[in-house]
Amino acid sequence: RATSNHKVKETVALELSYVNSNLQLLKEELEELNSSMDVYQNDRSLSSSSESISVPMIPLGLKETKELDLLVPLKDFISEHYGEESILFEKEIKEFMELRQAMRTPSRNEAGLELLMEYYNQLHFLDSRFFPPTKTLGVFFHWYDSLTGVPSHQRALAFEKGSVLFNLGALHTQIGARQDRASLPGLNQAIDAFQKAAGAFNYLKENFSNAPSLDMSAASLTMLVRLMVAQVQECVFEKMTLLRAQNDFLSRLQLAQEAAKVEDVYSTVHQTMSQPHVKDYVPFSWTTMVHVKSEHFKALSHYFAAIALCDCPAPSDAELLEQEKAFLQFHVTMPEGPSLSVLLQDPEERRKLGKAHLKKAIMKHEEAMRIHGLCKILRKMDILQEVLSFAHKRSLSKYSEIDHEEDFFETGEAPDIHPKTHQKPEIKSPNFSQVKVTDLFHRLGPLSVFSAKNKWYPARRVHLMRGENGFGFTLRGDSPVLIAGVIPGGCAAEAGLKEGDYIISVNGKDCKWSKHAEVVQLLKSTGKEGVDIGVITLQGSECPKAVDRKAAAMSSGSGAPKSDKENSRKSLRNSKSSSTLLVWGKKSKRSKKSTYSGVPFTAVGDNEAMY
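Cut-off values and rules
Each residue is numbered by its place in its chain's sequence as written, counting from 1. Residue-level local features of this predicted model are given only where pLDDT is at least 70; pairs of side-chain atoms are given and counted only at 80 or more, and the full residue set underlies all totals for whole chains, interfaces and linings. By convention in this description, side-chain values take in all heavy atoms of the structure and omit both hydrogens and water. What counts as an axis is a line fitted to C-alpha atoms, over the stretch in contact for a helix, and the angles between N-to-C directions run from 0 to 180 degrees. Each helix is a run of H or I in the DSSP string that is no shorter than four residues. Each strand is a run of E no shorter than two, and both are numbered from the N terminus. For this classification, under 35 degrees means roughly parallel, over 145 means roughly antiparallel, 65 to 115 means roughly perpendicular, and everything else is oblique. By definition, turning the near helix anticlockwise from the far helix through less than a right angle yields a left-handed crossing, and turning it clockwise yields a right-handed one. Note on contacts: a residue pair qualifies if any of its non-hydrogen atoms lie within 4.5 Å across the two residues. Burial classification: accessible surface area is computed with a 1.4 Å probe over protein chains only, and a residue below 20% of its type maximum counts as buried, one above 50% as exposed, and the rest as partly exposed. Under the counting rule used here, the positive set is Lys and Arg, the negative set is Asp and Glu, and His together with the chain ends is not counted. Salt bridge, as used here: a side-chain nitrogen of Lys or Arg that lies within 4 Å of a carboxyl oxygen of Asp or Glu. Residues enter a patch when their relative accessible area is above 30% and they make no salt bridge; the linking distance is 9 Å between like charges and 5 Å between nonpolar side chains (Val, Leu, Ile, Met, Phe, Trp, Tyr). For the area figures, the Shrake-Rupley method with a 1.4 Å probe applies, and any residue is considered shielded solely by the protein chains shown. The pLDDT value expresses, per residue, how confident the predictor is, ranging between 0 and 100. To form a nonpolar core, buried Ala, Val, Leu, Ile, Met, Phe, Trp, Tyr and Cys residues must be joined to one another through side-chain atoms within 4.5 Å. Lysine's charge is taken at NZ, arginine's at CZ, aspartate's at CG and glutamate's at CD. Ring geometry is summarised as follows: Phe, Tyr and Trp rings, the Trp one being its six-membered ring, pair when their centres sit within 6.5 Å, and such pairs are stacked at plane angles under 30 degrees, edge-to-face over 60 and tilted between the two. The rule for a charge over a ring is simple: NZ of Lys or CZ of Arg within 6 Å of the ring centre, and within 35 degrees of the ring normal.

## Quick notes on the packing of helix α10 (residues 284–311) against helix α15 (residues 382–402)
Logical step 1: Orientation of α10 relative to α15, taken along the N-to-C sense of each, is 30°, at an axis distance of 11 Å. Between α10 and α15, the crossing angle belongs to the class labelled roughly parallel. With respect to the hand of their crossing, α10 and α15 are arranged in left-handed fashion. Residues Met289, Val292, His296, Leu300, Tyr303, Phe304, Ile307, Cys310 and Asp311 of α10 form the contact with α15, whose participating residues are Leu384, Val387, Leu388, Ala391, Arg394, Ser395, Lys398 and Ile402.

## Section: the packing of helix α2 (residues 71–82) against helix α4 (residues 110–130)
Logical step 1: In contact at an axis separation of 11 Å, α2 and α4 are set at 45° when each is read in the N-to-C sense. With respect to α4, the element α2 is oriented oblique. Contact residues: Leu74, Phe77, Ile78 and Tyr82 in α2; Leu126, Ser128, Arg129 and Phe130 in α4.

## What to know about the side chain of lysine 239
Logical step 1: As for its position among the elements, lysine 239 is in helix α7 (residues 218–243).
Logical step 2: Buried and without a salt bridge, lysine 239 has glutamate 258 as its closest oppositely charged side chain, separated by 10 Å.
Logical step 3: Those residues in contact with lysine 239 that sit more than four places away from it in its chain are Leu184, Leu187, Asn188, Ile191 and Gln423.

## Notes on a nonpolar patch on the surface
Logical step 1: A surface patch of nonpolar side chains, amounting to about 260 Å² of accessible area, comprises Val8, Val12 and Leu16.
Logical step 2: Tracing the sequence through the fold places valine 8 in helix α1 (residues 6–46).
Logical step 3: The exposure class of valine 8 is partly exposed, given its relative accessible area of 39%.

## Side note on the confidence of the model for the protein chain
Predicted coordinates in regions of low pLDDT should not be interpreted in detail.
Logical step 1: Per-residue confidence for the protein chain gives a mean pLDDT of 82, with 81% of residues at or over 70.
Logical step 2: Scored below 50 in pLDDT, residues 543–583 makes 101 contacts in the model with residues more than four places away or belonging to other chains.
Logical step 3: Across residues 588–607, confidence stays below pLDDT 50; counting only partners more than four residues off in sequence or on other chains, it has 50 contacts.

## Re the environment of cysteine 375
Logical step 1: Tracing the sequence through the fold places cysteine 375 in the loop between α13 (347–373) and α14 (376–379).
Logical step 2: Along the backbone, cysteine 375 and threonine 287 are 88 residues apart, and their C-alpha atoms lie at a distance of 9.7 Å.
Logical step 3: In contact with cysteine 375, other than residues within four places in its own chain, are Phe284, Ser285 and Thr288.

## Structural notes on the nonpolar core
Logical step 1: Judged by nonpolar contacts, the single largest core of 130 residues is most densely connected at Phe130 and Phe327.
Logical step 2: Non-local contacts of phenylalanine 327, meaning those with residues more than four positions away in its chain, are made with Phe249, Leu253, Leu309, Met334, Leu340, Leu343, Leu344 and Leu353.
Logical step 3: Core analysis: the next-biggest nonpolar cluster, separate from the first, contains 18 residues, Leu475, Ile483, Ile503 and Leu523 among them.

## Comments concerning unusual backbone geometry
Logical step 1: The step from serine 479 to proline 480 runs through a cis peptide bond, and the omega angle for that step is -5°.
Logical step 2: Tracing the sequence through the fold places proline 480 in the loop between β4 (473–476) and β5 (481–486).
Logical step 3: The backbone phi angle of asparagine 210 is positive, close to 60°, even though this residue is not glycine.
Logical step 4: With respect to the secondary-structure elements, asparagine 210 resides in the loop between α6 (184–207) and α7.
Logical step 5: In this structure, asparagine 507 is a non-glycine residue whose phi angle is positive, near 50°.
Logical step 6: Relative to the helices and strands, asparagine 507 is located in the loop between β6 (501–506) and β7 (509–510).
Logical step 7: The exposure class of asparagine 507 is partly exposed, given its relative accessible area of 46%.

## Some remarks on the pattern of salt bridges
Logical step 1: Evaluation of the coordinates by the stated rule reveals 23 salt bridges.
Logical step 2: A salt bridge links lysine 63 to aspartate 215; the nearest nitrogen and oxygen atoms lie 2.9 Å apart. Placement of lysine 63 in the loop between α1 and α2 and of aspartate 215 in the loop between α6 and α7 is noted, with a sequence separation of 152 residues between them. Here the two residues lysine 63 and aspartate 215 agree in accessibility, since each one is buried.
Logical step 3: Between aspartate 192 and lysine 196 there is a salt bridge, and its shortest N-O distance comes to 3.1 Å. Here lysine 196 and aspartate 192 lie together in helix α6, a separation of four residues that amounts to about one turn.

## As for a negative patch on the surface
Logical step 1: A cluster of acidic residues, Glu95, Glu98, Glu110, Glu114 and Glu118, forms a negative patch on the protein surface.
Logical step 2: Only α3 (90–103) and α4 provide two or more residues apiece to the negative patch.
Logical step 3: Per-element tally for the negative patch: the top contributor is α4, with three residues.
Logical step 4: Structurally, the position occupied by glutamate 98 is in helix α3.
Logical step 5: Under the relative-accessibility criterion, glutamate 98 is labelled exposed at 55%.

## Re the packing of aromatic side chains
Logical step 1: Using the criterion set out here, one finds 18 aromatic pairs in the structure.
Logical step 2: Their ring planes at 65° and their centres at 6.0 Å tell us that phenylalanine 77 and tyrosine 82 sit as a pair that is edge-to-face.
Logical step 3: Residue tyrosine 82 is classed as buried on the basis of its relative accessible area, which comes to 7%.
Logical step 4: Ring geometry for tyrosine 82 versus tryptophan 456: centroids 5.8 Å apart, planes at 50°, classification tilted. On the criterion of sequence distance, the pair formed by tyrosine 82 in helix α2 and tryptophan 456 in the loop between α15 and β3 (460–464) is long-range, its members being 374 residues apart. There is no split in this pair, since tyrosine 82 and tryptophan 456 are both buried.
Logical step 5: Lying across the ring of phenylalanine 166, lysine 63 places its NZ or CZ 5.7 Å from the centre.
Logical step 6: The aromatic ring of phenylalanine 89 is capped on one face by arginine 443, whose charged end is 4.3 Å from the ring centroid.

Here you go:
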């Protein structure tokens, strides 16, 4: 109300929408915390043990984007480049814009993931149809940084594609974080979600460069991939504790090594978050949470080592060899004292080493609680406080149990435990072929010819009569059919047809998508009055050569390519022409499949047919 300036109003509206989305995210996080508390309380009522409480995971918020009106730019391009009546394509343009609008607020489930994937796959077709290598469409894609809210905008479609990919990864993190990890199905779903999140962020890091926003910089994406892998590793540990049917010596050693592995990966994440380009950008609560988890799981590894030594009986002669072998690989450095066989068979020696492990566990529990207390946001997370407090009390209780009044020896320094996992996290790259899409603009014609990168001379209409020896040309291929050869002095040559022409219509019937046999049938069905043929010739490609048959995938229009390496051929180096624009584009990893030698067309058979 305070201004009549349209630009100021738009800026304020954008800022308010960002604030509103943050409030919405906060509300959802509070709801999740409440639901986590309910789960925790239910567990408490079922069991006196608090081991089943799940430590909260770190989900990412989605990147916000500004509404985009593509109606005029796409209509202009259809008129200028394709020479078509642009008003006839308004339905397709509006359908694409509706898809983009829906993609801005995906639901937190499989349907939301499919929506993002569908839009991403449509961007492949949009890229091929409307983004030539020599110029931009003139529209800006606006996106906000997922952590800072700082806006960025670029003309490069790669920025749009990268932002959608980021949101795909972020949505996976939200789905993973909200699973009930007290159950095996919930744990498996969380593992799958975090692995797919890691895959999306890793794919983004490897295939796109020069991101204008910090959340998609190489350093940030490296950190996010490592964070997701760490969260998978934590779920693997939780899965192992849930499935632990036996409490024998070897099982507990394995659990200790699994906890040490979680500590190891979280320690790496903490180091990554502490790097100069990342530490000022990553939320303090994230860095603190990762640090807390690193100390917490180190404490747990020592606790389970102590339990294995103190609660399990000394091995029999038959078990000794197997336990010695496992114990040799258990510590980073061998503990001081007697030989391995004496240590494992002497209850007093086992108690001494177990006590040293518990002492270290208690120190690490206290460090975890101290770090936790430094962060105001984490202090408000009662469930995290409960987990840390319970683990600390459990270790203290065990220490009191094995501590004897007559102990005059000084408790030694327990060596660290060698990290080892039975289930290595897998980085699952996005499967773009999972969601099949149809090119919304397929009516423009097969992409192998009718794309933004190709230019053709204005369509010609040729009236052709059939002579004694037929029409006098050779046809090849499908969708569109190519005039592969013209007989000198024949009817086709006299009518003005040339080698390299594509047949786009016969007697007014659109033939861009017609099969070879369909075009032949239309030509054969003509009478003495002859036939009107519409043709186009690609500029600079009047002498066609055979091309890679993989071009067929580009002209099918019935599904997304099998992998996204085919999804975005164009490195947006074209934007270098705009000196003020920092290009954020697809890394140039062109495969042999995308190199066309001559005129692109769909080669159906090697044989040409004369008509």
